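A look at the structure
As a plain string of letters, each chain reads:
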Amino acid sequence: AQSVTQPDIHITVSEGASLELRCNYSYGATPYLFWYVQSPGQGLQLLLKYFSGDTLVQGIKGFEAEFKRSQSSFNLRKPSVHWSDAAEYFCAVGDGGNQFYFGTGTSLTVIP
Amino acid sequence: SQTIHQWPATLVQPVGSPLSLECTVEGTSNPNLYWYRQAAGRGLQLLFYSVGIGQISSEVPQNLSASRPQDRQFILSSKKLLLSDSGFYLCAWRGGLGNTEAFFGQGTRLTVV
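Keep in mind that this is a model prediction, so the values were computed, not measured. (Residues numbered from 1 in each chain as written. Chains lettered and ligands numbered in written order. Predicted model: local features only at pLDDT ≥ 70, side-chain atom pairs only at ≥ 80, totals over all residues. Heavy atoms only, no water.)

Some details on the overall build of chain A
When helices and strands are counted, chain A shows 0 helices and 12 strands. Beginning at the N terminus, the succession of helices and strands in chain A can be written as β-β-β-β-β-β-β-β-β-β-β-β. Whereas a compact globule of 112 residues would reach a radius of gyration of roughly 13 Å, chain A reaches 13 Å, a difference of no more than 12%. Considering only C-alpha atoms, chain A reaches an extent of 40 × 30 × 20 Å along its principal axes. When each of the 112 residues of chain A is scored for burial, the buried share is 45%. Across chain A, the fraction of contacts at a sequence separation of at least 24, relative to all contacts at a separation of at least 6, is 53%. For chain A, the exposed area adds up to about 5100 Å²; of that, 49% sits on carbon and sulfur atoms. Seen as two clouds, the 7 positive and the 9 negative side-chain charges of chain A have centres 3 Å apart. (Helix = DSSP H or I, 4+ residues; strand = E, 2+ residues; numbered from the N terminus. Rg over C-alpha atoms; globule rule 2.2 N^0.38 Å. Buried < 20%, exposed > 50% of the residue type's maximum accessible area, 1.4 Å probe, protein only. Contact = heavy atoms within 4.5 Å. Areas by Shrake-Rupley, 256 points an atom, 1.4 Å probe, with all protein chains shown as cover. Lys, Arg positive; Asp, Glu negative; His and termini not counted. Charge placed at Lys NZ, Arg CZ, Asp CG, Glu CD.)

Here it is in structure tokens:
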């Protein structure tokens, strides 16, 4: 069965510092991978997605993610964090069919 | 463009009362529809998904049920709420399979008291 692991429950970074949020997946074939962001009390917004091709994908708000098949990872990065990036971040995997699974999320705090 | 509506935004219900949360999608046809629950510190749990009218798949057996009476309408229900049903409920749709992303509603905060 497919699964997604986000090892970091909570991360705190200083504004302007770089950010990397980890995501590991378990899936037998090439997965469809996604990163979402959720502001408090809101729905989820898609940041970026990977299906195939270039393993480094660019998303909105200056985020990028790199797919590494050998490590079963799809880590999210941003070179310089802004205070408005404070939110909950979810990694998700699609199985190519009807189902869509999320990790438990990483809460990001940005300190001035 | 496609939009997804979910209501109510917040709801406080007593234990043992019924529940009905509604989700509708506009601007697309035959979407895949999903209900998720987000409990504090537990991420998103897939509750139900539907690939068509009257077709419901349940991921986790619990005190809830789902129905899809129309192509773009997805309803989450309970006959008798439990305290453990409290959480943030999210409806989502996808336009197809495989590489399509899910689009989410704004969620319903349910507190069972």
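With respect to the sheet that holds strand E3 (residues 19-26) of chain B
Residue and element names in this part refer to chain B. Ordered in space as E1-E3-E8-E7, the 4 strands form an open sheet in which the pairing is antiparallel. The open sheet has two edge strands with one neighbour each: strand E1 (3-7) and strand E7 (65-70). Neighbour-to-neighbour, the strand axes of this sheet turn through a mean angle of 20°, independent of strand direction. Bridging between E3 and strand E8 (residues 73-78) involves 6 bridges; their strand directions are antiparallel. Within E8, the residue paired with Glu22 across the bridge is Ile75. (Pairing = 2+ DSSP bridges. Axes fitted to C-alpha atoms, helices over the stretch in contact; angles between N-to-C directions.)

Re the interface of chain B and chain A
Contact with chain B, which involves 23 residues of that partner, is made by 21 residues of chain A. Between chain B and chain A, the buried area comes to about 1800 Å², and carbon and sulfur atoms account for 54% of it. Counting across the interface, chain B meets chain A through 1 salt bridge. Here Glu101 of chain B ties to Lys49 of chain A by a salt bridge, and the two come within 2.7 Å at their closest N and O atoms. On the surface where chain B and chain A come into contact, there are 4 residue pairs in polar contact (both at pLDDT 80 or more). Looking at the side of chain B that touches chain A, the elements that each hand over two or more residues are strand E4 (32-38), strand E5 (44-52) and strand E9 (87-94) of chain B. Class assignment of the residues belonging to the side of chain B that touches chain A gives a composition of 11 nonpolar, 8 polar and 4 charged. (Buried area = accessible area lost by both parts, 1.4 Å probe. Salt bridge = Lys/Arg side-chain N within 4 Å of Asp/Glu carboxyl O. Polar contact = N/O pair within 3.5 Å; in protein donor to acceptor, adjacent residues only side chain to side chain. Nonpolar A, V, L, I, M, F, W, Y, C, P; charged D, E, K, R; others polar.)

Comments concerning the environment of Leu33 of chain A
Residues and elements named next belong to chain A. By the secondary structure assignment, Leu33 is in strand E5 (residues 32-38). Taking relative accessible area as the criterion, Leu33 reaches 0% and is therefore assigned buried. Residues Leu33 and Ser73, spaced 40 residues apart in sequence, show a C-alpha to C-alpha distance of 9.7 Å. Leu33 has contacts with Tyr25, Leu48, Lys49, Tyr50, Phe67, Phe74, Ala92 and Val93, leaving out every residue within four places of it along the chain.

Structural notes on the nonpolar core
Core analysis: the largest hydrophobic core is formed by 26 residues, its most contacted members being Leu19, Trp35, Leu47, Leu48, Phe74, Leu76 and Tyr89 of chain A. Contributions of two or more residues to this core are made by strand E2 (10-14), strand E3 (19-21), E5, strand E6 (44-50), strand E8 (64-68), strand E9 (73-78), strand E10 (87-94) and strand E12 (106-111) of chain A. When residues of this core are assigned to their parent elements, the largest contribution, 4 residues, is made by E10 of chain A. Those residues within four positions of Phe74 of chain A in sequence are excluded, and the remaining contacts are Cys23, Leu33, Phe34, Trp35, Leu48, Tyr50, Val57, Ala65, Glu66, Phe67 and Cys91 of chain A. Membership of the second largest hydrophobic core comes to 20 residues, among which are Leu21, Leu81, Cys91 and Val112 of chain B. (Core = buried A, V, L, I, M, F, W, Y, C linked by side-chain atoms within 4.5 Å.)

Thoughts on the packing of aromatic side chains
In the structure shown here, the tally under the stated rule is 16 aromatic pairs over all chains. Between Phe90 of chain A and Phe102 of chain A, the aromatic rings sit 6.4 Å apart at their centres with planes inclined by 85°, giving edge-to-face as the arrangement. Linking Phe90 of chain A in strand E10 with Phe102 of chain A in strand E11 (residues 100-102), this pair joins segments that are 12 residues apart in sequence. The residues Phe90 of chain A and Phe102 of chain A share a single accessibility class, namely buried. Through successive ring pairs, a cluster of aromatic residues spans Tyr36, Phe90 and Phe102 of chain A together with Tyr34, Tyr36, Tyr49 and Phe104 of chain B. (Phe/Tyr/Trp six-rings, centres within 6.5 Å; stacked < 30°, edge-to-face > 60°.)

Some words on the state of the cysteines
According to the stated counting rule, one finds 2 disulfides over all chains in the structure shown. Covalent S-S linkage joins Cys23 of chain A and Cys91 of chain A, the inter-sulfur distance amounting to 2.0 Å. Between Cys23 of chain A and Cys91 of chain A the disulfide shows an S-S torsion of about -65°. By sign, it is left-handed. Of this pair, Cys23 of chain A sits in the loop between E3 and strand E4 (24-26) while Cys91 of chain A is found in strand E10, placing the two residues 68 residues apart along the sequence. Neither residue differs from the other here; Cys23 of chain A and Cys91 of chain A are each classed as buried. Each sulfur in the disulfide pair Cys23 of chain B and Cys91 of chain B lies 2.0 Å from the other. What sets the handedness of the Cys23 of chain B and Cys91 of chain B disulfide is the S-S torsion sign, and at about -75° it is left-handed. Placement of the pair is Cys23 of chain B in strand E3 and Cys91 of chain B in strand E9, with a sequence separation of 68 residues. (Disulfide = S-S within 2.5 Å.)

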